[in-house]
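Observations on the three-dimensional arrangement
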Amino acid sequence: RIEDKPGTVKFEKGEIKSADFFRVRNILAAEIVKEMIKKKFKPNNVQGDLTNVAKGLAEVVLRGSLLVKAMCGGCQGLGKLEIFNQSGFPCGVKPCQKCEGTGKRPYTLHEKITIAHLTVSKSGYSERYLKFELLGESIVAQWENEIRGRLSRAFNFELDAELT
């Protein structure tokens, strides 16, 4: 918000500041820690307490959703593939299964384990830590939906019936 003009919003585009990234990571990590405690989760080979593990998982989630590792090779970053009929003419589109429609190449399990600073095998990560990563992704998705909802209410956009 612009302080001297109440009700005015300014959008800035640019790099994510590292302090902002780590501030959001810590908030997300706190939510993950709460769930770990609720589920009585005991990590293997942990360096410190649950907070370090949760911060690592939160960083994996935020990097996957905010920072693009690379463009998907299958769909060229579009997130969808064009379908052609037998005559060679386009007849529709379908979501890319390689990137699940995001257009971004997802991190591999090895990369996720490295980012999270965990000493665990790929199968160990999938069995024990993946559910908390998915929890983090759902929290980030809730935040995105809340932001979209607040922005749409702030600007009060209403689509005409003809457009929908």
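Notes on the structure follow.

Let us look at the nonpolar core. Counting residues in each nonpolar core, the largest one holds 26 residues, and the members touching the most others are Leu-28, Ile-32, Met-36, Leu-57, Leu-118, Tyr-125 and Tyr-129. Breaking this core down by element, the ones donating at least two residues are α1 (18-38), α2 (50-66), α3 (109-115) and α4 (122-155). Considering each element in turn, this core owes the most residues, 8 residues, to α2. Those residues within four positions of Tyr-129 in sequence are excluded, and the remaining contacts are Phe-41, Pro-43, Asn-44, Val-53, Leu-57, Leu-118, Val-120 and Gly-124.

For the rest of this paragraph, the subject is the layout of surface pockets. Its boundaries defined by the atoms lining it, the second largest pocket holds a volume of some 500 Å³. As for the second largest pocket, its lining consists of 20 residues, and the residues nearest its centre are Gly-64, Ser-65, Thr-102, Pro-106 and Glu-137. Every element with two or more residues in the lining of the second largest pocket is listed here: α2 and α4. Looking at side-chain class alone, the lining of the second largest pocket contains 8 nonpolar, 3 polar and 9 charged residues.

What follows is about the pattern of salt bridges. Using the criterion set out here, one finds 8 salt bridges in the structure. Here Asp-20 ties to Arg-23 by a salt bridge, and the two come within 2.7 Å at their closest N and O atoms. On the criterion of helical spacing, the pair formed by Asp-20 and Arg-23 is a turn pair, its members being 3 residues apart in helix α1. Across the salt bridge formed by Lys-38 and Glu-35, the nearest N and O atoms sit 3.6 Å from each other.

Conventions and cut-offs
Residues numbered from 1 in each chain as written. Predicted model: local features only at pLDDT ≥ 70, side-chain atom pairs only at ≥ 80, totals over all residues. Heavy atoms only, no water. Core = buried A, V, L, I, M, F, W, Y, C linked by side-chain atoms within 4.5 Å. Buried < 20%, exposed > 50% of the residue type's maximum accessible area, 1.4 Å probe, protein only. Helix = DSSP H or I, 4+ residues; strand = E, 2+ residues; numbered from the N terminus. Contact = heavy atoms within 4.5 Å. 1 Å grid on protein atoms, 1.4 Å probe; cavity = no way out; pocket = protein on both sides within 12 Å on 5 of 7 lines; lining within 4 Å. Points joined across faces, edges and corners; volume = space filled by probe spheres on them. Nonpolar A, V, L, I, M, F, W, Y, C, P; charged D, E, K, R; others polar. Salt bridge = Lys/Arg side-chain N within 4 Å of Asp/Glu carboxyl O.

Geometry only, nothing functional implied.
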